[in-house]
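Residues per chain are reported as follows:
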Amino acid sequence: MANPLLGVRVTTATLREVPRMEAAAEIARRRARELERPVLVSVTTQVGLRDPLALFARGAGVTHNRFFWSVPAADFEITGLGAAWSFTPPLSTDRFAASAEAWRQLMAEAVIDADRDIPVQGPLAVAGFRFDPDQPPSELWRDYPHALLVVPRLLIVRHGDVTTLTVNGMVDAQSSTLALGAAAARRLQALIGLSWRPGRPPLDVQVDVSLDPDVWKAIVADAITDLRAGTLEKVVLARAVRLRGPEPFDTAATLDTLRRDYPHTFIFAVARGGRTFLGASPERLVSLRNGDVAASALAGSAPRGKTPEEDAALASALLQSEKDRAEHAFVVQMIRAALTDYCDTVQAPELPTIMQVRNVQHLFTPITARIRPGYDIFDLVRRLHPTPAVGGKPGRAALAWIRAREQLDRGWYAAPVGWVDARGDGEFAVALRSALIGRREATLFAGCGIVAASDPERELAETRIKLRAMLGALGVSDEMVG
């Protein structure tokens, strides 16, 4: 039977694949017996799903582990439900190196059944990291550890007109192969049977600025004093705004609004423990595909104009701003130097251009390279994070200043969020323009780069501009925010 909303033929697209699941799981069971540890089994098939976000929405009442990724401009989307495997490294280890090693071992031993003619296929891990692992986490971020890899139990990937379903599970020597395939098929069938339409987010909300604007401006002023004294070259400061609504927030509807209004950003959501961290980031940290590396320098911001003429004038002023050009140059210099450690043919245009999204425009420089043999995307993420666009310069001194003075637990805000596949390819965004959303409360984050020429009042205004993306997606006027 077919669901008219999704266009999925449930019986032919899932139950028909049970024999393949059984065969792959039987191989995995033998391998698990030899290795004396569980082995991942992964089976991929094509399906007719039109909108992976609908499955993300339907999964809300079934699992606390959900993932959504969308690059609307590239016509690419991912939804993951459940957790077949997860990994958080010990705090005492290098979290990126430990994550890379755990992923390599899992993939080296996995039994993967996928059609080579399908362009998007196989298992992948959702990945996220805390901005600063040395800052003690608050209760707000209790379900988001310093590093996390999760292989979803059910994975839908749509790239253009091709959509795949991947069923993942861990198999040990005693596992029932029949139970693995049948349970996955039943779960997908149950999810498709649930209804979903984008809801209307609460409009009548209470706004709580976590730090008084005057106090925040005083922190900015202190930073400027240290910058002018030469202690730092740049430090990025963030602030948070909390919303409380009378009705539950609809995270799927929020994502639907973001992908419609911000098609040239990275739309992401990681749901855990009843909360969802989501956003529409304009900034790619790094992507790796078939050895090709792409990163983005995004620093220096201005509002959008109300008319085409005003918009062009603001863009021109941004391009000519010495303060913003210097801030942007910090980021470009750091990214190029970082990539040189692991890559060849690192290239970037000499001058930045303007990236425009719905409510703000940025100085933007794309950077490309070719990764050397022996390195992977975790090496790149480790070397790049945090860029001066979200931390500062010098990096360690800026992080120490933020940790001591910012008065905010950033959690996963401004940190790497993305995915990695079985080949080691993947994509990570810097988790900006984001919010951590509970049932009836949401915490929104925004930050800006502070240099010696900064003005506290202007920096506060810039955070208000950057908050508009999430406020608008949640149906809240930015006029309510201090």
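What you see is a predicted model, and the numbers here were worked out from it, not measured in a lab. (Residues numbered from 1 in each chain as written. Predicted model: local features only at pLDDT ≥ 70, side-chain atom pairs only at ≥ 80, totals over all residues. Heavy atoms only, no water.)

So, the overall build of the protein chain
Counting its secondary structure elements, the protein chain contains 12 helices and 23 strands. The buried share of the protein chain, taken over its 482 residues, is 58%. Sequence separation of at least 24 residues holds for 77% of the intrachain contacts in the protein chain that already meet a minimum separation of 6. As displayed, the protein chain offers around 19400 Å² of accessible surface, 50% of which is attributable to carbon and sulfur atoms. (Helix = DSSP H or I, 4+ residues; strand = E, 2+ residues; numbered from the N terminus. Buried < 20%, exposed > 50% of the residue type's maximum accessible area, 1.4 Å probe, protein only. Contact = heavy atoms within 4.5 Å. Areas by Shrake-Rupley, 256 points an atom, 1.4 Å probe, with all protein chains shown as cover.)

Looking at the environment of Phe268
Considering the arrangement of structural elements, one finds Phe268 in strand E12 (residues 266-272). Classification of Phe268 by relative accessible area gives buried; the value is 0%. On a C-alpha basis, the gap between Phe268 and Ala429 in space is 8.6 Å, while along the polypeptide they are 161 residues apart.

Structural notes on unusual backbone geometry
The omega torsion of the bond from His385 to Pro386 falls at -5°, within 30 degrees of zero and hence cis. Mapped onto the elements of the fold, Pro386 is located in the loop between helix H10 (377-384) and strand E19 (392-393). Following Lys393, the chain continues to Pro394 via a peptide bond in cis, the omega torsion being -10°. Its location among the elements puts Pro394 in the loop between E19 and helix H11 (395-405). A positive phi angle, close to 55°, is found at Asp75, a residue other than glycine. Turning to its location among the elements, Asp75 is positioned in the loop between strand E2 (66-71) and strand E3 (76-81). On the accessibility criterion, Asp75 (33% relative accessible area) is partly exposed. In this structure, Thr345 is a non-glycine residue whose phi angle is positive, near 45°. Within the secondary structure, Thr345 is located in strand E16 (residues 343-347). Judged by its relative accessible area of 54%, Thr345 falls in the exposed class.

Here's the deal with the nonpolar core
Ranked by internal contacts, the top residues of the largest apolar core, which has 78 residues, are Trp69, Trp103, Phe277 and Leu339. Not counting residues within four places of it along the chain, the set of residues in contact with Leu339 comprises Val293, Ala295, Val346, Ile367, Ala369, Leu380 and Leu384. Leu278, Val360, Leu467 and Ala469 belong to the second largest nonpolar core, which has 31 residues in total. (Core = buried A, V, L, I, M, F, W, Y, C linked by side-chain atoms within 4.5 Å.)

Observations concerning the side chain of Glu77
With respect to the helices and strands, Glu77 occurs in strand E3. Judged by relative accessible area, Glu77 falls into the buried class, the value being 4%. Within the structure, Glu77 has its side chain in polar contact with the side chain of Arg259 (distance 2.8 Å). Setting aside anything within four residues of it in sequence, one finds Glu77 in contact with Asp51, Pro52, Phe68, Trp69, Ser70, Ile156, Val157, Arg158 and Arg259. (Polar contact = N/O pair within 3.5 Å; in protein donor to acceptor, adjacent residues only side chain to side chain.)

Notes on the pairing of strand E13 (residues 275-281)
Counting buried positions along E13 yields 7 of 7 residues, so the element is predominantly enclosed. Both E12 and E13 contribute to a ladder of 7 bridges, which runs antiparallel. Paired with Val270 across the two strands is Phe277, which belongs to E13. Where E13 and strand E22 (residues 434-437) come together, 4 bridges link them in antiparallel fashion. Looking at E22, one finds that Thr276 is bridged to Ile437. (Pairing = 2+ DSSP bridges.)

Considerations on the pattern of salt bridges
A side chain of one charge can pair with a side chain of the opposite charge when the charged atoms of the two come close. Scanning all chains against the criterion turns up 36 salt bridges. The salt bridge involving Glu139 is made with Arg142; its shortest N-O contact spans 2.8 Å. By relative accessible area, Glu139 is classed as exposed at 53%. Residue Arg458 is joined to Asp324 by a salt bridge in which the shortest nitrogen-to-oxygen separation is 3.2 Å. (Salt bridge = Lys/Arg side-chain N within 4 Å of Asp/Glu carboxyl O.)

Considerations on the confidence of the model for the protein chain
A low pLDDT means the predicted coordinates there should not be read in detail. Looking at the protein chain as a whole, the pLDDT averages 88, with 90% of positions reaching at least 70. Across the protein chain, the element-wise mean pLDDT spans from 40 in helix H1 (residues 10-13) up to 98 in strand E7 (residues 147-151). Scored below 50 in pLDDT, residues 1-15 shows 42 contacts in the model against residues more than four places distant or in partner chains. (pLDDT = per-residue confidence, 0-100.)

Details of the packing of aromatic side chains
Under the defined criterion, the tally for this structure stands at 15 aromatic pairs. Here Phe96 and Phe129 contribute two aromatic rings whose centre-to-centre distance is 4.6 Å and whose plane-to-plane angle is 45°, an arrangement assigned as tilted. Pair noted here: Phe96 is in helix H4 (residues 95-109) and Phe129 is in strand E6 (residues 124-129), with a separation of 33 residues, a long-range link. One exposure class covers both Phe96 and Phe129, and it is buried. Note on Tyr144 and Trp412: the rings are 5.0 Å apart at their centroids and 80° apart in plane angle, and the pair reads as edge-to-face. (Phe/Tyr/Trp six-rings, centres within 6.5 Å; stacked < 30°, edge-to-face > 60°.)

Considerations on helix H6 (residues 213-228)
For H6, spanning 16 residues, the distance from its first C-alpha to its last is 22 Å, which sits close to the expected 22 Å at 1.5 Å a residue. Turning to H6, its buried residues are Pro213, Trp216, Lys217, Ile219, Val220, Ala223, Ile224 and Leu227. Taken end-on, H6 shows its buried residues confined to a sector of 155°, consistent with a single buried face. Projecting away from the buried face of H6 at angles above 90 degrees are the exposed residues Asp214 and Thr225. Of the surrounding elements, those touching the buried residues of H6 are strand E10 (206-209), strand E11 (234-244), H11, strand E23 (441-450) and helix H12 (456-473). (Expected span 1.5 Å × (residues − 1). Arc of directions from axis to C-beta.)

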